[in-house]
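Overview (structure and organization)
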Amino acid sequence: MSGKFKRFETAVIHDGYDDRKMLGSLTPPIFQTSTYTFDSAEQGERRFRGEEEGYMYSRLGNPTITILEEKMAALENGEKGLAFGSGMAAISAVLVALTKANDHILCSSGLYGCTFGLLSMMKEKYNISLDFSDMKTKEEVRASIKPETTVIYVETPINPTMQLVDLKMVAEVAKEKGIPVVVDNTFSSPYLQKPLDLGCDVVIHSATKYIGGHGDVIGGLAIGKRDFLGKVAMTTQKDMGGVMSPFDAWLLIRGLKTLPIRMDRHCDNAEKLLTFLNDHPKVNHIYYPHDVNNPDYHTGKKQMKKGGGMISFEIKGTKQDAQRFLNRLSFIKLAVSLGDAETLIEHPATMTHAVVPEESRRKMGITDQLIRLSVGLEAWEDIWKDLEQSLDQI
Ligand code: LCS
């Protein structure tokens, strides 16, 4: 851990915050201010020149947000964190900072729908070329790298197919060529997986998910080297302006305190459900990182502390059968997003990944029968009872 505390459970609560500097306030104050006063014109000049530390304007920095950024940097073992108004704001700020017209981006074989949308827009507007690779071996990664490759962008586990990419292996190949590896760590959170420790360069989170954990915030984070994120802060973050609100930072700091406890429960519930789903005659394929039948099982065991709270599976039948199954659930919520206390379920082909053209969707393995389950914190017996009664009706 790069912060004060070695153990995750302590760091998540205490790192990044010093109550002595905040009049003894146990919880961080919300600095609900847009701007900051200067003692003198000269001080204002020094701050804008970067010669003196201090706040100037909340798009350029805010003390509540700084607490969240420092906490996340400590948890991911990074030098610096930056908070954004959404996961997509974080992804776009990082990718625009790392590319220029005519560059090439090498991506994992699947991506969250809006990330795919963003990259498609960059391709169309700036002639940035894209390749998607399974990244199963060093040779496969090397073969996909071009002289104009400036970023390797990886999701693992991949939303929603749960395929995995060996981050250490990809980072080793990228190092040979001096190409930065950006990893979307949303599905794992730093509690389960630490891409920077495996040699990757930038970690991204949709903080909307496990970091917040309560379904009440949209937010994003990027963590990495001080130099690079300092550059992002003063260019694509400052000038495109996708910043977080202080109140949302406060909610995320609060959510983070229970991340290890929540994550343990998400994972334990998922492992229980896996067994029952495996045995149900209406369930076809199951995709889960720590499932022994998963072809990426060894990668999952190597780089993820536990299997996570996300399970995808295919319904035996048609698209209509999959939709009927979703419609007949009782307390499980039919909703996109993930990582909340409530169990959420969705249909990727028509919801989160509807923007991906059908052919690309098929290549990614997103069929009309695929269901994505974000396992919540309820009693697993109740979650299974609800899934089972609906599966039995197909
Ligand atoms: N990265 C991943 C892996 C995601 O799953 C999402 C959102 C994002 C980035 C974008 O984050 P946002 O801007 O929404 O904070 N994923 C969603 C999903 O699977 N269902 O609804 C949103």
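In case you missed it, the structure is sitting above this.
**Observations regarding the nonpolar core**
If you look at the biggest cluster of nonpolar residues, it comprises 36 residues, and the most contacted ones within it are Leu68, Met72, Leu221, Leu256 and Leu259. Mapped onto this core, the elements with two or more residues apiece are helix 1 (8–14), helix 3 (63–75), helix 8 (189–192), strand 7 (220–224), helix 10 (246–256) and helix 11 (259–279). Here this core gathers at least three residues from each of two domains, domain 1 (8–256) and domain 2 (259–391). Here Leu259 is in contact with Phe8, Val12, Ser189, Pro190, Tyr191 and Tyr210, once residues within four sequence places are set aside. Judged by nonpolar contacts, the second largest core, of 28 residues, contains Ala90, Leu118, Ile128 and Val202.

**Examining the layout of surface pockets**
Volume-wise, the largest pocket comes out at about 1,200 Å³. Around the largest pocket sit 39 residues that line it, and Glu53, Leu60, Thr66, Glu69 and Lys80 are the ones nearest its centre. Along the lines of polarity and charge, the residues of the lining of the largest pocket split into 13 nonpolar, 13 polar and 13 charged. In this structure, the second largest pocket occupies an estimated 390 Å³ of space. Lining the second largest pocket are 22 residues, and of these Met88, Tyr112, Ser206, Thr208 and Lys209 sit closest to its centre. Ranked by residue count, the leading element in the lining of the second largest pocket is helix 4 (residues 87–98), at 3 residues. Looking at the lining of the second largest pocket residue by residue, the classes come out as 8 nonpolar, 10 polar and 4 charged. Residues lining the lining of the second largest pocket come from more than one domain, with at least three contributed by each of domain 1 (8–256) and domain 2 (259–391).

What counts, and where the lines are drawn
- Residues numbered from 1 in each chain as written.
- Predicted model: local features only at pLDDT ≥ 70, side-chain atom pairs only at ≥ 80, totals over all residues.
- Heavy atoms only, no water.
- Core = buried A, V, L, I, M, F, W, Y, C linked by side-chain atoms within 4.5 Å.
- Buried < 20%, exposed > 50% of the residue type's maximum accessible area, 1.4 Å probe, protein only.
- Helix = DSSP H or I, 4+ residues; strand = E, 2+ residues; numbered from the N terminus.
- Domains from an automatic or database assignment.
- Contact = heavy atoms within 4.5 Å.
- 1 Å grid on protein atoms, 1.4 Å probe; cavity = no way out; pocket = protein on both sides within 12 Å on 5 of 7 lines; lining within 4 Å.
- Points joined across faces, edges and corners; volume = space filled by probe spheres on them.
- Nonpolar A, V, L, I, M, F, W, Y, C, P; charged D, E, K, R; others polar.

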